[in-house]
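Descriptive analysis of the structure
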Amino acid sequence: MAAITAAMVSELRAKTDAPMMECKKALTEADGDMAKAEEILRVKLGNKASKAASRVAAEGVVSTFISADGKTAAIVEFNSETDFVAKNDEFLKLAADTARLVAEKAPADVAALSALPLGEGTVDSVRAALVGKIGENMSIRRFQRIAAKGKVAQYIHGGARIGVLVDLVGGSDELAKDIAMHIAASKPKALHASEVSAELIESERRVAAEKAKEAGKPAEMIAKIVEGTVQKYLKEVTLLGQPFVKDDKQTIDQLCKSNKAEVASFTLYIVGEGIEKKVTDFAAEVAAQAAAAAR
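Residues numbered from 1 in each chain as written. Predicted model: local features only at pLDDT ≥ 70, side-chain atom pairs only at ≥ 80, totals over all residues. Heavy atoms only, no water.

Side-chain pairs of opposite charge can arise where the charged atoms are in close proximity. Using the criterion set out here, one finds 16 salt bridges in the structure. With a shortest N-O distance of 2.3 Å, R206 and E39 are connected by a salt bridge. Here the residue R206 occupies a position in helix α9 (residues 198-214), and E39 occupies one in helix α3 (residues 34-45), the gap between them amounting to 167 residues. One salt bridge in this structure joins R205 and E227, with 3.3 Å as the shortest N-O distance. With a gap of 22 residues between them, R205 in helix α9 and E227 in helix α10 (residues 219-237) connect regions that are remote in the sequence. Look at R205 and you get partly exposed, because its relative accessible area is 30%. (Salt bridge = Lys/Arg side-chain N within 4 Å of Asp/Glu carboxyl O. Helix = DSSP H or I, 4+ residues; strand = E, 2+ residues; numbered from the N terminus. Buried < 20%, exposed > 50% of the residue type's maximum accessible area, 1.4 Å probe, protein only.)

It is worth spelling out the pairing of strand β1 (residues 59-66) at this point. Most of β1 is tucked away: six of the eight residues are buried. Pairing of β1 with strand β2 (residues 72-80), which is carried by eight bridges, proceeds in the antiparallel orientation. Counterpart to V61 in the pairing with β2 is F78. A loop of five residues connects β1 with β2, the two strands running antiparallel in sequence, and G70 in this loop sits at a positive phi of about 75°. (Pairing = 2+ DSSP bridges.)

Among the secondary structure elements, T238 is positioned in the loop between α10 and β8 (243-244). A polar side-chain atom of T238 sits 2.5 Å from the main-chain carbonyl oxygen of L234. (Polar contact = N/O pair within 3.5 Å; in protein donor to acceptor, adjacent residues only side chain to side chain.)

Of the residues in the chain, 87% reach a pLDDT of 70 or more, and the chain-wide mean stands at 86. Considering only residues more than four positions removed or in separate chains, one finds that residues 49-57, a stretch of pLDDT under 50, has 24 contacts. (pLDDT = per-residue confidence, 0-100. Contact = heavy atoms within 4.5 Å.)

With that settled, consider the packing of aromatic side chains. The final tally for this structure, using the stated rule, is one aromatic pair. Above the face of the Y269 ring, R142 is positioned so that its terminal group lies 4.0 Å from the ring centre. (Phe/Tyr/Trp six-rings, centres within 6.5 Å; stacked < 30°, edge-to-face > 60°. Lys NZ or Arg CZ within 6 Å of the ring centre and 35° of its normal.)

Moving on: the sheet that holds strand β10 (residues 261-270). In space, the three strands of this open sheet follow the order β6-β7-β10, with antiparallel pairing throughout. Lying at the two open borders of the sheet, with one neighbouring strand each, are β6 (151-157) and β10. Ignoring which end each strand starts from, the neighbouring axes of this sheet average 15° apart. Relative to strand β7 (residues 162-170), β6 runs antiparallel, the two being bridged by seven bridges. Bridge pairing links Q154 to L165 in β7. Contacts from helix α8 (residues 173-186) reach β6, β7 and β10, with the element oriented near 140° to β7. (Axes fitted to C-alpha atoms, helices over the stretch in contact; angles between N-to-C directions.)

Written out as structure tokens, the structure reads:
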């Protein structure tokens, strides 16, 4: 049996917002497996225990670039340690220059992007110089380049903390912008059901099956309940299956068809998504500093 530490309980609580004792029980039942414990809490407590994505932590910006003809675009997540630096003009310019270089030079990865010429040096040397000047670490986390089948539209929200690029074939500029705004608001995980990862679907199946068992549903009904739950989940997390935020009487798929348009692809970046943030106990830090000064 794995030892369940206070740090593990605290981490699970931060991810799920579940009560401390429930977190400890789930970790014990899962023998210390964090992912399995999170699933156990979802079975017991429902969607309340699925808030990891809302507790992302790294600061920074999402920067985009679209060519004049709308055929080539790029999106970059550029991270900093604090929100203060994320608003710095030099930091924002470097993020914008980086997005432009991704679109123009099509680097293979972050290392190749960092080595590209910029100013009197490279992207990385400019970044390093800015780190030295500001005194705070910053890094390129990820990027995506789009060679459009149609025309690319963008939407930036929340002080550049959320960025969207959408490649729309047909339709209008207004429709493309509306769909980009919808993506920022509804945060789909994939374009359609076939692109949703098998792991996510299997997780939903397990949770639905356990909920049905705990509710006392007969065995012959569980399979149907699970399938219905999975289909509902796929509609919720796929762009084409989602109700349009400006008119929930039609899905994005229906909206596109009525406008003779098709979404070829989309990219959604949320600053710090999936990164755990170090939480500082300010009172404890002050107490520690006072104790050190006394010594």
